[in-house]
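Topology and contacts: notes
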Amino acid sequence: AHVAIDAIIRSLKGNVRFGVTIIVYIFSLAFFAMLLVVGIQFTMYNMGQLSPAMRLPMSMIYAALPVGGFLSRLFTTGEIIKYVKGGATQ
């Protein structure tokens, strides 16, 4: 959690706090979706390139982008579910 954003959210009350938190989660999901899609495109684009030292496909290295985007979306979705159900400690 970013300190400045967390401080702003904690200063809000009731439904406003809930709404702002959900909006932050939605923006996070959108960013991670973009990371996933662009990461897949970037990985596919670099499939033919080999790393200079180890001669491994660079797509193996760039695959961290879509994998990270996917895992971040999973984590954020779980956090949204936990928050909506009231399990989040805020």
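These figures come from a predicted structure and were not determined experimentally.

Right, let's talk about the overall build of the protein for a bit. Looking only at helices and strands, one finds four helices and zero strands in the protein. Here the C-alpha radius of gyration of the protein, 18 Å, is well above what a compact globule of 90 residues would show, namely 12 Å. Within the span of the protein, comprising 90 residues, buried residues form 21% of the whole. For the protein, the exposed area adds up to about 6,500 Å²; of that, 73% sits on carbon and sulfur atoms.

Tallying each qualifying case throughout the model produces four aromatic pairs. Ring geometry for Tyr-25 versus Tyr-83: centroids 6.2 Å apart, planes at 65°, classification edge-to-face. Residue Tyr-25 is located in helix α2 (residues 14–45), and its partner Tyr-83 is located in helix α4 (residues 64–84); the two are separated by 58 residues in the primary sequence. Residue classification places Tyr-25 among the buried residues on the basis of a relative accessible area of 15%.

Moving on: α2. Here α2 is 32 residues long and its end C-alpha atoms lie 47 Å apart, about the 46 Å a rise of 1.5 Å per residue gives. Listing the buried residues of α2 in full gives Arg-17, Thr-21, Ile-22, Tyr-25, Leu-29, Phe-32, Gly-39 and Thr-43.

Let us now look at the packing of α2 against α4. Contact pair α2 / α4: the axes reach a minimum separation of 7 Å and the direction vectors enclose 160°. In terms of orientation, α2 and α4 fall into the roughly antiparallel class. The chirality of how α2 crosses α4 is left-handed. Taken together, the residues of the contact of α2 with α4 sort by class into 16 nonpolar, nine polar and three charged.

So, on to the side chain of Thr-76. In this fold, Thr-76 is placed in helix α4. If we skip the residues at most four places from it in the chain, Thr-76 touches Tyr-25, Ser-28, Leu-29 and Phe-32.

Glancing now at the nonpolar core. As a rule of thumb, soluble globular proteins bury nonpolar side chains together. Judged by nonpolar contacts, Ile-22, Tyr-25, Leu-29, Ile-80 and Tyr-83 together constitute the single largest core of five residues. Of the residues forming this core, the biggest block, three residues, is contributed by α2.

On to the confidence of the model for the protein. Across the protein, the average pLDDT comes to 88, with 90% of residues at 70 or higher. When pLDDT is averaged over each element of the protein, α4 comes out on top at 95 and helix α1 (residues 3–11) at the bottom at 75.

Thresholds, definitions, all that
- Residues numbered from 1 in each chain as written.
- Predicted model: local features only at pLDDT ≥ 70, side-chain atom pairs only at ≥ 80, totals over all residues.
- Heavy atoms only, no water.
- Helix = DSSP H or I, 4+ residues; strand = E, 2+ residues; numbered from the N terminus.
- Rg over C-alpha atoms; globule rule 2.2 N^0.38 Å.
- Buried < 20%, exposed > 50% of the residue type's maximum accessible area, 1.4 Å probe, protein only.
- Areas by Shrake-Rupley, 256 points an atom, 1.4 Å probe, with all protein chains shown as cover.
- Phe/Tyr/Trp six-rings, centres within 6.5 Å; stacked < 30°, edge-to-face > 60°.
- Expected span 1.5 Å × (residues − 1).
- Axes fitted to C-alpha atoms, helices over the stretch in contact; angles between N-to-C directions.
- Parallel < 35°, antiparallel > 145°, perpendicular 65-115°, else oblique.
- Left-handed = near helix turned anticlockwise from the far one by under 90°.
- Nonpolar A, V, L, I, M, F, W, Y, C, P; charged D, E, K, R; others polar.
- Contact = heavy atoms within 4.5 Å.
- Core = buried A, V, L, I, M, F, W, Y, C linked by side-chain atoms within 4.5 Å.
- pLDDT = per-residue confidence, 0-100.

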